Protein chains: 2
Amino acid sequence: MLCDLIIKGKYVLPMDDELSIIKDGFVAVSENKICAVGAGDEIKNYQAKEIIDAGKAIVMPGLINCHTHAAMAYFRGLADDLPLNDWLFNHIFPAEAKFVNEEFVRKSGALSCLEMIKSGTTCFNDMYFFGQEFLAEIVEKAGLRAVLGLDLKTPGYTVERVVELAKQFKDNELVKIALAPHSVYVCPRDVLEKVKQAAGAENLRVHIHVSETKKEVEDCKQARGKTPVEYLDELGLLAPATMAAHSVWLDDNDLKIYKDRGVKAAHCPISNMKLASGAAPLAKMLELEIPVGLGTDGAASNNTQDLFMEMRGCALMHKLASLNPAVVSARQAVKMATIDGAKVLGREKEIGSLEIGKEADIITINLNKPHLAPLYDSYSHLVYCAGGSDVENVVVNGRVIMKNRQVKTLDENKILREAERFNLQH
Amino acid sequence: MLCDLIIKGKYVLPMDDELSIIKDGFVAVSENKICAVGAGDEIKNYQAKEIIDAGKAIVMPGLINCHTHAAMAYFRGLADDLPLNDWLFNHIFPAEAKFVNEEFVRKSGALSCLEMIKSGTTCFNDMYFFGQEFLAEIVEKAGLRAVLGLDLKTPGYTVERVVELAKQFKDNELVKIALAPHSVYVCPRDVLEKVKQAAGAENLRVHIHVSETKKEVEDCKQARGKTPVEYLDELGLLAPATMAAHSVWLDDNDLKIYKDRGVKAAHCPISNMKLASGAAPLAKMLELEIPVGLGTDGAASNNTQDLFMEMRGCALMHKLASLNPAVVSARQAVKMATIDGAKVLGREKEIGSLEIGKEADIITINLNKPHLAPLYDSYSHLVYCAGGSDVENVVVNGRVIMKNRQVKTLDENKILREAERFNLQH
């Protein structure tokens, strides 16, 4: 069989239900889809225009970042070691008001895309208050897959405008548009009601910050006599197409509502630790089989967009929070960053694993490094040892967008020079 | 002035008391010592045989790893997601009994040295049950600085033998030998008493695991009616030359004893999270001005030896544990990995900062990367963004042991091939 691309490597992790590890395996790609996954001599049945032999490497699905603010890369490290409310209202919102415009979104967004490609992310679920139509162009150029949401707190970026944008991108192979009301503490009731209606009528996904801090929950209870989850449920906004970012301060009734309504969650371990938001009830969510993916949050609260750090942070923080080292195994963390992330975005039939007929989003991790030797278990190394800089090749939708760490779709030097020029304080 | 080596870079962080940031700075080295630290045109006063212009980089003291088991690199990822006692007694101790011999220590130790160099560690404080005299040869070859301790649980490796070894290495520029009784739960009372005597008589440093787990403390209380700290104090083992690794489960009285006796601590954030040992009372230790450095622990419980992960893990875990995002600032974390680590080893007059007359242990971090752009504060990026793979050049004792990520002292390919050959399960 003649294919377009074959990727070979020592360990192929398809992220199928069995969490198989295929030794000396390969993945074959025809156009933008996976047409074969196999091992050893089976490869003789396939020819390809391009063969990437990753050698001593892990070959796996591209990582899925379920909660980002990609345009914020230029605010990386702007303010640290502060409580969320101080950080957000006194540092981030003012900086955004001062600097964010079309040019900012294009340049800072390009830096995020570059960083994501170089650390193995192939799909991200984004929310921002401005300019996602410009980011969409950058994402397409980068060759990444993304769902871009507008947070509906900016004049002009109304529900109607988002619905319009979503129609424009309906047939786009890489970019989709979502409704992304910021939160119950930023969006007024009438906006949330409009979101509910539009989401149902237009079949759009909803992306919203929920119960990130204790303060958010307490304020909501005081104002409305309900938790944010109860309030959103009253508004009818909790549905299978809804993804709740953070979901830290959930009580058992909130969790039951998530389960009953089919809500998905994006867990952001590093951001939740850095802002001291707290430890989400991940073990309970997993027990209830609520789909949970991983998110980096924006570069201002993390401060990277490296999902390897998120997998490690997730496994570590919950062992600490529960004082139980068996909580969040390496396998569980890798699932969250791949197939479970796909479920969270409602895309598990398209991406998140290496299976025939799925879209070809594939990365390879170079194991020929001191911190990755020796190797007893690939999953363990992905979570407890590897970092984004170990990613060597990235394929999205069948297209090789990074080869041997050279990004093919973006001009790395130009993006870094532009970031240097954006010089707030120096 | 003619020097041997000059290192230039955009931001020099000398880690002096003021935590200065010198823009467009340089460090000059004469023989094995720092002879100048300056900025801008001052460099015209110096010529050097070798000039490393690190460009857009941070230049800082080499990182100090206060608690390692370097020979364990070959057990990286052998067993994860298990409680400390199960992990230690059912997996690690049996693997050690089966595999560890002179050849193992040399090869696995070389892998650790390679990993440490490639992630910016220039000095480490090690403990192991066997073969530190072989590791010493590897450390010297690698050009690293180390304090090697024997844990006194192996026949033949007695206190007397350690004292003998320490004499052999007395004038060694890079390697020192310490007494490193494993813990109160492994070493019998008579061994600990001998350690106390020898440490005083021979002026040796003592390195011991203390109160790592709740179980250790409870067992000790049950057996002796005292906490491990109280018991060690009764034995007279707590003194300014004593470094207590982990120090997780300390009560206020234990902390007072540390303070009164001048004890130092090695905090191991990633290991303590991964094994769910708990969060050490770091804020209290810092408040009491007990010197605390960072340690990776061995590669079987971490699973890397990358101190950048430790700085980040430290800042994040304590924000989570205290729900206070101001706890452990980026600056505090960098201090712990450098000058405070030197204090913990009693070497703050020799290493840990870039100051005239100190030994030249210097690293550079390449900032020309997507995840490190833009930059508002160097300390923030070191803790919240950088990783060991961003380290570009490493100097120890005035000798360039890594240049542009090429390790000059060890054969990287050979070490990786040997690690591959050590094939326990595959």
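Bear in mind the structure is a predicted one, so any value in this text is a computation, not a measurement.

With an RMSD of 0.0 Å, the operation that places chain B on chain A is a rotation of 180 degrees combined with a shift of 0.0 Å along the axis. The transformation just described matches what one would write down for a two-fold rotation axis.

Residue and element names in this part refer to chain B. Here helix α2 (residues 102-118) contains 17 residues, and its C-alpha end-to-end distance of 24 Å stays within 8% of the 24 Å for a straight helix at 1.5 Å per residue. Counting buried positions over the 17 residues of α2 gives 13, a clear majority of the element. Here α2 starts with a cap whose side-chain oxygen sits 3.1 Å from the backbone nitrogen of Glu103, and that cap is Asn101. One or two positions beyond α2, positive phi appears at Gly120, with a value near 90 degrees.

Put simply, the largest pocket is a space of about 1,100 Å³. In terms of lining residues, the largest pocket is bounded by 46 residues, among which A:Lys369, A:Ser389, A:Arg405, B:Lys369 and B:Ser389 are the most central. When residues of the lining of the largest pocket are traced back to their parent elements, those giving at least two are α2 (102-118), α11 (307-322) and β17 (406-407) of chain A together with α2, α11 (307-322) and α15 (412-421) of chain B. Element by element, the count of residues in the lining of the largest pocket is highest for α15(B), at three residues.

The next subject is the interface of chain B and chain A. Contacts between the two partners involve 66 residues from chain B, matched on the other side by 66 residues from chain A. Where chain B abuts chain A, roughly 5,100 Å² becomes buried across the two surfaces, and 65% of that area is made up of carbon and sulfur atoms. Scanning the region where chain B abuts chain A turns up six salt bridges. Two residues, B:Glu420 and A:Lys56, come together in a salt bridge whose shortest N-O distance is 3.6 Å. For the pair chain B and chain A, the interface holds 21 residue pairs in polar contact (both at pLDDT 80 or more).

In this section: the packing of α2(A) against helix α3 (residues 132-142) of chain A. Residues and elements named next belong to chain A. At their nearest, the axes of α2 and α3 sit 9 Å apart, and the two run at 35 degrees to each other. For α2 against α3, the interelement crossing comes out right-handed. Residues Glu102, Val105, Arg106, Gly109, Ala110, Cys113 and Ile117 of α2 form the contact with α3, whose own contacting residues are Phe134, Leu135, Glu137, Ile138, Val139 and Ala142. Across the contact of α2 with α3, the residue classes tally to nine nonpolar, one polar and three charged.

Further remarks concern the packing of α2(B) against α15(B). All names here are of chain B. Direction vectors running N to C along α2 and α15 enclose 130 degrees, while the axes themselves pass 10 Å from each other. Taken as axis vectors, α2 and α15 run oblique relative to one another. At the point where α2 passes α15, the crossing takes the left-handed sense. Counting all contacts with α2, which are made through Lys107, Ala110, Leu111, Leu114 and Lys118, the residues of α15 involved are Glu412, Ile415, Leu416, Glu418 and Ala419. Of the residues contributing to the contact of α2 with α15, the split by class is six nonpolar, no polar and four charged.

With that settled, consider the domain arrangement of chain A. Residues and elements named next belong to chain A. Under the domain assignment, chain A is made up of domain 1 (2-61 + 354-407) and domain 2 (63-344). A straight line from the C-alpha centre of domain 1 to that of domain 2 covers 28 Å. In this complex, domain 1 contributes 31 residues to the contact, which on the side of domain 2 involves 31 residues. With both chains or domains summed, domain 1 and domain 2 bury close to 2,500 Å², and 63% of this area falls on carbon and sulfur atoms.

Under the criterion given, the structure shown has 22 aromatic pairs over all chains. Plain terms: the ring middles of A:Phe89 and A:Phe93 are 5.2 Å apart, the flat faces sit at 90 degrees to each other, and that makes the pair edge-to-face. Residue A:Phe89 and its partner A:Phe93 are located together in helix α1 (residues 84-99), separated by four residues, close to a single helical turn. With relative accessibility at 39%, the residue A:Phe89 sits in the partly exposed group. Taking relative accessible area as the criterion, A:Phe93 reaches 19% and is therefore assigned buried. Taking the centre distance of 5.5 Å and the plane angle of 85 degrees together, the rings of B:Tyr74 and B:Phe104 count as edge-to-face. With B:Tyr74 in the loop between β6 (63-68) and α1 (84-99) and B:Phe104 in helix α2, this pair connects stretches of sequence that are 30 residues apart. We note that B:Tyr74, like B:Phe104, is buried. Through successive ring pairs, a cluster of aromatic residues spans A:Tyr74, A:Phe75, A:Phe99, A:Phe104 and A:Phe422. Here the basic side chain of B:Lys274 rests over the ring of A:Tyr384, its NZ or CZ set 4.6 Å away from the ring centre.

Procedures and definitions
- Residues numbered from 1 in each chain as written.
- Chains lettered and ligands numbered in written order.
- Predicted model: local features only at pLDDT ≥ 70, side-chain atom pairs only at ≥ 80, totals over all residues.
- Heavy atoms only, no water.
- Least-squares fit on C-alpha atoms with pLDDT ≥ 70 in both.
- Helix = DSSP H or I, 4+ residues; strand = E, 2+ residues; numbered from the N terminus.
- Expected span 1.5 Å × (residues − 1).
- Buried < 20%, exposed > 50% of the residue type's maximum accessible area, 1.4 Å probe, protein only.
- Polar contact = N/O pair within 3.5 Å; in protein donor to acceptor, adjacent residues only side chain to side chain.
- 1 Å grid on protein atoms, 1.4 Å probe; cavity = no way out; pocket = protein on both sides within 12 Å on 5 of 7 lines; lining within 4 Å.
- Points joined across faces, edges and corners; volume = space filled by probe spheres on them.
- Contact = heavy atoms within 4.5 Å.
- Buried area = accessible area lost by both parts, 1.4 Å probe.
- Salt bridge = Lys/Arg side-chain N within 4 Å of Asp/Glu carboxyl O.
- Axes fitted to C-alpha atoms, helices over the stretch in contact; angles between N-to-C directions.
- Left-handed = near helix turned anticlockwise from the far one by under 90°.
- Nonpolar A, V, L, I, M, F, W, Y, C, P; charged D, E, K, R; others polar.
- Parallel < 35°, antiparallel > 145°, perpendicular 65-115°, else oblique.
- Domains from an automatic or database assignment.
- Phe/Tyr/Trp six-rings, centres within 6.5 Å; stacked < 30°, edge-to-face > 60°.
- Lys NZ or Arg CZ within 6 Å of the ring centre and 35° of its normal.

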